[in-house]
Structure formats: C-alpha cells, structure tokens
Amino acid sequence: MHTIQIDERWCKGCALCVIYCPTRALEVAARFSPRGVHPPELVRVERCNGCRLCELLCPDFAITVTEESRVHA
Amino acid sequence: MSTHRELIRRALGPRVQFVQGDDACAYGAVLAGCTFFAGYPITPATEVAERMAEILPRIGGCYIQMEDEIASMGALIGASWTGAKVMTSTSGPGFSLMQENLGYAIMTETPCVVVNVQRSGPSTGQPTMGAYGDMMQARWGTHGDHEIIMLCPASVQESLELTIVAFNLSERLRTPVLVFIDGELGHMRERLVIPEDHEFELWERPRATDRAGYRPFAPGPDLVPPFAPFGSGFRTFVTGLTHNEEGLPRASSATIHDQLVRRLAAKITNHLDLITRYEEFYADDCEIAIVTYGITARTCRDVVEEARRRGIKAGLLRLISIWPFPEHVVARWAERVRAMLVPEMNLGQIVHPIREAVAGRCPVVLHSRIGGELHTPAELLEALEALQWQPA
Amino acid sequence: MATGLRIKTAAELRTSYLRQEMFPTIFCDGCGIGNVLNYTLWAIDEVGLDLDRTVFVSGIGCSSRLPGYINADGLHTTHGRALAFASGVKAANPDLTVIVFTGDGDGAGIGGNHLLHTIRRNMDITVILVNNFIYGMTGGQSAPTTPDGGFTTTTPYGNIEHPMDVCELAKALGAPYVARWPVVSPVQPVKSIAEGIRKRGFALIEMLTPCPTAYGRYNGLKALEQIWRWYREQTVLIDEWEWIEQFGSPEERERLRGKMKIGIFQDTERETFEDRWAALVARVKL
C-alpha cells in the first residue's frame, strides 16, 4: 500500500505524473494548491504499485511515494 | 625533491638578464606564484605567453592556449576558482574581447592578473607600435558600475616588480588587477635583476576555514570574503547574477544589488593605502610640473633635468597606479605649481582625471603624440618653455 | 551498462543532491529542463560522484540555471562561455569532475567556437546540452537548432535557416562520447549521462527538451501531453534509422524527413588534454 506526498511549494501542476502514471492511480485535483495550480491526487490508492515513475518524471522533485507498512491486526 | 620556489629559480635562470618587458611580466608572474596561464597570441604581447609556455610546465604549472581572448579570460577565472594564481596577457583588440568576462571576475571577486601590452589603435591600428590608448578602457571597458586596479610600469625592471604587486593586490582584495605596458616597453630589452625571495612579499587570498558558518560572499572586516576553492567541500555557488552573501541569485532585489555593488567598489577604494603608487622628482622645488605615466615618463626625466639646467623650475610627477586614480596626489601638486604639462601617447585620456583633480587651480596642458613614436625630449622641453610664460 | 538502474527515491535525491533553499526552480511548469536535472541526479547517483569534488559549470540561459539547484561547487558564467570556464577549472585541477550544463543557443550558438575547441582539445568534461530549439530565457527567439519552418518571436513567418546537428558536429570533431536522447524517455538519458561522466575525455549528451511555454506555444505543441507525444514521434533510434535507409520502403524513408536521430552517435577512446599535459610536465619538469 503506497501513498504520495506532494510538496505544494514546488509542484507547478504540470500533470506529467498524472499523464504517465502506468496504472492511472493519479488524477489532477480539482482544488488549487497555495501556488494556484492543480496538484495531483492519489485517487485510486489500490492501483499504486510504488513504481515511482511519477518521481522520475517530475521536473520539480515535488512528488514522493512512501511505503505504507500494512499493520496486521 | 626541490621546493617549488627552487624550481622557479631554476626555471627563471640567471639573476641578471637582458630581457624584454613582456618577458619581465612573465617572470614577475612566476615569482608571484602564478601556476596557470591561459592566453591567445597577439602582437605585441605574444612573448608573455611564449615565456609562460616555456616556464610553467617546468615548474609543474599549466599553460593553455585558448581559441580566443574571451575563452582565455574564461579559463583564467575557472582556474582561479580552483585556488590557482592565474594570469593572461593581451593587447588592445584582445583586451576589448575580454571585457565581459573581466566584469564577471569583478562581480565574482575572482583574483586574476591581466597584462595589456598596448598597441596603437583604434582597431587593428599599428600592431607593432606602442601607445597608451586603452587607459580609459581599463577603467570603463566592462559594463556597469565597478572599480578596477591598474598599474603602469615604466621599465623592464618595474614590469616584473609591478606584476608581483598586481598578484598581491588581486589576491588580497580578490579582484582582477591590470598591468598596462605598451609595445615599446614590451619589446625593448633592458637589464633585469631578478629579486631574491626575501626582497618581496607574497600575499595569498583570505581562506575560508570553518565550513559550518561559511557564507561565500559575506565580507570580512576589510570587505573581502574568505575564499574556498572548488573541490574543498565548501560547495560554493558562483554567479555573475546579483547574489546575496550565500552567493545565491537575487537579481530582482534592489537592496541586495545596492549593497553588493557598493561593497565591491568600496573593497578597492578603501584600500588606496595598499594600491596608490607614484614617483616624484623635485616635488618641493618646482613651479611647473610634468604629470605623466608609463614609458613617456622616461623621456620626461630627461626633459625636467634639461629644463632645470635652463633655469626652469620643473618637476615630474609619475603616476604608477592609474586606477583608482590618485587624485589627492595630483591635487597636492596642483597647489604647488603654476601649470601642468601632461604628455600622453594618445589624444588625451588621463588628462581628464588630472584636470578633475586639479579643479582649475592651474592650467593643465595636454601634449599628445600618436603614431607609435615616443615624445622627443626637444618637443617637451619646448612645450615646457611655452608653459613658463603662462600668467601667474 | 548492462546492469539495471538502482531505483532512487525523490526523497533521497532531494536531501543528498539538491540545494533546496533554491527551490522551487525558475523553470516553467512542464519545462523539460527539470527532467534533465532529475535524470542527471540519477546518473550522478549511479556513478557515485563525490559532490565535494564535482563542479557544475554553465553559461547563460534556462538550462544554465541548473548548477544553482545542485548542492555542489557551481560556476554560472557568461553567455556561451561555459566550456571555456570549465576548461580552466579542469586544466588547473584535473582531479575535479567537471560537468557543464549548456543550451542549444548558449552551447552551439554564441558558444560554438568554444564547443569546437574544447572537443578538439578533448578536455575530460561532460557536457549536457539542453536543446529546446529556442532561446527560452529571453522569451522564445530562434536558435541555431530551431527546426526548418519553426515559429519563434524572431521567425514569426517560419524559420528559413537550416538547423545545426550538434551531435554530428561533435562526432566529426572526434569527441569520444556523443549521444542524443529526448527527455520523454528517462532511462536512456540516465545511462548515457552516467556513461558520459565515466568517459575519460569529452562527452556530449544532447537532451531534446520540451519547451511548452515558448517553442511549444508557437508551434502548436502547447499541451504537455501533446509535445511529449510529438517528441516520441519525431525521434528515431540510429540503428532503426539506418535500417530504414538501407532496407526501408520509399514511404518509410520519406517519413524520416524532418525527424531526429537519437542514441549513441559515438563511443570511442581518445587521449585527453589533461593526460597529455601531465605527461608533458612529467617529461620536462625540473
């Protein structure tokens, strides 16, 4: 299970991550970031397999994928 | 293994030699600890590069001939940022090409020495003939507000000595320093005595030591920031853009620009004590003064002696550091004399700051000569005599 | 480079390589120069460079702002002169790794003469030439690489000049490593930049870099997805190109017109200026 963090000071809303996410896990958010751009959102969490292509393609180092360790009940 | 200084001694050869002004500049650089020369051939400065190409490999230094003078100035600055003492030499056309990067060296406080062996211009002009037509270019050649240090020898011996001084000032104040000779001085041979190490001082640029509190362009007490060479782990960012004390671009900040540019200027003008050099003859016993510089001053020594023999109370003020202009010295002379003769091998350049310094206290008469020949003693004597009848 | 790339995380790259106080970058949203920076950091990590002993040199222009963003020694010089400054750094201290960021205008326009001679001298310098077909920093004027017919603010009726192929030029001059990759495929550039850094001698990696704001906007490629697709369609691997030229149908050959070759143009060995100068000094030093 993965989540993403967006550094909304650095993200310019270019949407490259959304366009090229191989599993279409990301969407362009409707809301505005403090910079006045639409950042990406991990809407389909289950699809994110942690491939980090979004990190590699981000021109602004604004997106980071983190491993969520599954807590066994 | 002989020390670096011993290598230099052996590379320079006998203590007393009969060499050209160009050679003397190269010797001075090597004595000053220069280990890197980037240059481009141009009459009448090529011999400086030739000497450096001979000497530097023999002392473990680096000579690199670049594709043009712009590249030479660029390579110089790059090399200086590795901590090396660096020099280039050129003449008018090349000096014109170097202007932008010279300004970059000023803005980034990069120590370096540029020897300009002036030739008769403008343009291609008279490549083999000496002149002093670049004097104002030295001051205002590069764009924007700035100060510059320019020294003007009048002999082969002094060319060596002032090149050492140029290195010391460039290191101490982290600034480019210009040494201006001319084609005559550069190509004529004279007796040169190579000074022993104990006969001169060598200054090094202030070094940054504490990486924690390191701010690459934060001024020390004398407005000069401590230097950390590339590769020392201080991770310095250097830019020609207006930058803050961390060295980071702040091109849109008026206050940061104002502070930076004023500091860079004050860094020079606050140290006139280290920079200003001149020579006086009959300062306390003259009514008419010749004020000049460079090779012309040699003719004037003769003229003043002959004039005094003819009962004219003449004196001579030879300016050695041209920029920053020593206006206090000229002003002091203006108090004492009734008239000033300013012979120049151009159509009048240094006569302007001289007049500014004199501020009307006495007439200042320019005596120009261009075409590549020196003033003759006779013509200057005649000019002096004409001056004598100036109304008191 | 048979081995796969070790996956680097953005968090890792941010902390160990970036000069974070300089962020966010000056680049427009979607500008490919940010990608070039990302790939360069991957390559640096791949090679394991010591950033205490690495100097990034650049001239003036969008791509020349890159050294400011990397936490290493940086030298942001004058327009077109990066290679001359870099040569001075390298010649004076050959132990330093010198990497140059330059643009198509900065490196092959005003800086063309230095490109020729730095290659001729074979300085051990890695040059990452960001080719976005335009002078971006000044708002979008035509560059030496602007395609035939390309629209810019100074070619409002279409560029009439033939664009320069910087890689063929570098190859002809004998540069030991020459490669061209589009930003739109990340892995090859990372490997190629790493190979360039490892190469002993002059290494040129030309990065075809989308400029949505200027070149894209003036040439109907304003949308990022559109310009990235355009780059994929306009680039052909060298071996494929040569195969088509030899065995392809006339239509296939015709479709090559106006496209760009990508891949490794040259990968040879050549004695460097630094090695030869060191040998000379060893021979003549007193």
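Residues numbered from 1 in each chain as written. Chains lettered and ligands numbered in written order. Predicted model: local features only at pLDDT ≥ 70, side-chain atom pairs only at ≥ 80, totals over all residues. Heavy atoms only, no water.

### Some points on the overall build of chain A
Note the cut-off: We count a stretch as a helix when DSSP gives it H or I for four or more residues in a row; a strand needs E for two or more, and each element gets its number in order from the N terminus. We compute the radius of gyration over the C-alpha atoms and compare it with the globule rule, which gives 2.2 Å times the number of residues raised to the power 0.38. The cut-offs for exposure are 20% and 50% of the maximum accessible area for each residue type, with area from a 1.4 Å probe on protein chains only; residues under the lower value are buried, those over the upper are exposed, and the others partly exposed. Every residue pair with non-hydrogen atoms within 4.5 Å of one another is taken to be in contact.
Counting secondary structure elements, chain A contains 2 helices and 4 strands. For 73 residues, the compact-globule estimate of 2.2 N^0.38 gives 11 Å, and chain A sits close to it at 12 Å. For chain A, the spread of C-alpha atoms along the three principal axes comes to 40 × 20 × 20 Å. Across the 73 residues that make up chain A, the buried fraction comes to 51%. Within chain A, residue pairs in contact and separated by at least 24 positions form 56% of the contacts whose partners lie at least 6 positions apart.

### Structural notes on the nonpolar core
Put simply, the test is: The definition of a nonpolar core used throughout is a set of buried Ala, Val, Leu, Ile, Met, Phe, Trp, Tyr and Cys residues joined through side-chain atoms within 4.5 Å. A domain assignment, automatic or from a database, supplies the domain bounds used here.
Formed by 143 residues in total, the largest nonpolar core has its most connected members in B:Phe36, B:Met52, B:Met87, B:Met340 and B:Ile354. Here this core takes 9 residues from helix 8 (residues 156–173) of chain B, the largest share from any one element. Residue contributions to this core reach at least three from each of two domains, namely domain 1 (3–199) and domain 2 (281–388) of chain B. Those residues in contact with B:Ile354, other than ones at most four positions away along the chain, are B:Val291, B:Phe325, B:Val330, B:Met340, B:Val342 and B:Val364. One finds A:Tyr20, A:Leu42, A:Cys48 and A:Leu57 within the second-largest nonpolar core, a separate group that totals 79 residues.

### Quick word on the interface of chain C and chain B
Applicable threshold: Note on definitions: salt bridges are taken to be side-chain nitrogens of Lys or Arg within 4 Å of carboxyl oxygens of Asp or Glu. Any pair of nitrogen or oxygen atoms within 3.5 Å is treated as a polar contact; in protein, a donor-acceptor pairing is required on top of that, and neighbouring residues in sequence qualify only through side-chain atoms on both sides. Under this grouping Gly is polar, as are all residues other than the nonpolar Ala, Val, Leu, Ile, Met, Phe, Trp, Tyr, Cys and Pro and the charged Asp, Glu, Lys and Arg. Criterion used throughout: strands pair if DSSP finds at least two bridges between them.
Counting residues at the interface gives 41 residues for chain C, matched by 44 residues for chain B. Counting across the chain C and chain B interface gives 3 salt bridges. The interface formed by chain C and chain B holds 20 residue pairs in polar contact (both at pLDDT 80 or more) in total. Listing elements by their share of the side of chain C that touches chain B, those giving two or more residues are strand 2 (73–76), helix 3 (82–92), helix 5 (112–121) and helix 12 (273–284) of chain C. Its residues placed into classes, the side of chain C that touches chain B shows 19 nonpolar, 13 polar and 9 charged. Taken together, the 3 bridges between strand 10 (residues 237–239) of chain B and strand 2 of chain C define a ladder with parallel strand orientation. Paired with B:Thr239 across the two strands is C:His76, which belongs to strand 2 of chain C.

### Some thoughts on unusual backbone geometry
Of note, the bond from B:Gly121 into B:Pro122 is cis; its omega dihedral lies within 30 degrees of zero at 0°. Checked against the element boundaries, B:Pro122 lands in the loop between strand 5 (112–120) and strand 6 (126–130). Of the consecutive residues B:Trp323 and B:Pro324, the connecting peptide bond is found in the cis state with omega at -10°. Turning to its location among the elements, B:Pro324 is positioned in the loop between strand 14 (321–323) and helix 13 (327–336). With a phi angle near 65°, A:Arg52 is a residue other than glycine that sits in the positive phi range. Counting through the fold element by element, A:Arg52 comes out in the loop between strand 3 (40–42) and helix 2 (53–57). Accessibility expressed as a relative area gives 13% for A:Arg52, which makes it buried. The backbone of C:Asn122 sits at a positive phi, close to 55°, despite the residue not being glycine.

### A few points about the packing of helix 3 of chain C against helix 5 of chain C
All names here are of chain C. Which entries qualify depends on this criterion: Between the N-to-C directions of two axes lies an angle of 0 to 180 degrees, each axis being a line fitted to C-alpha atoms and, for a helix, fitted only over the stretch in contact.
At a minimum axis distance of 8 Å, the contact between helix 3 and helix 5 shows a crossing angle of 35°. Taking contact as the criterion, the partners of Leu83, Ala84 and Ser87 in helix 3 are, on helix 5, His114, Leu115 and Thr118. The class makeup of the residues in the contact of helix 3 with helix 5 is 3 nonpolar, 3 polar and no charged.

### Things to note about the arrangement of the chains
Pairwise contact counts over the 2 pairs of chains in contact peak for chains B and C. There is no contact between chain A and chain B; across them, the least C-alpha separation is 18 Å.

### Observations concerning the environment of B:Pro93
Relative to the elements of secondary structure, B:Pro93 occurs in helix 5 (residues 92–97). When the C-alpha positions of B:Pro93 and B:Glu279 are compared, they lie 30 Å apart, and in sequence the two are 186 residues distant.

### Brief notes about helix 2 (residues 21–32) of chain B
Residues and elements named next belong to chain B. Where we set the bar: Working rule for helices: expected span equals 1.5 Å times residues minus one.
Taking 1.5 Å per residue as the helical rise, helix 2 with its 12 residues ought to reach 16 Å, and the 16 Å between its terminal C-alpha atoms agrees with that figure. By the criterion of burial, helix 2 is predominantly enclosed, with 12 of the 12 residues buried. Listed as buried for helix 2 are Gly21, Asp22, Asp23, Ala24, Cys25, Ala26, Tyr27, Gly28, Ala29, Val30, Leu31 and Ala32. Looking one or two residues beyond helix 2, the residue adopting positive phi is Gly33, at roughly 100°.

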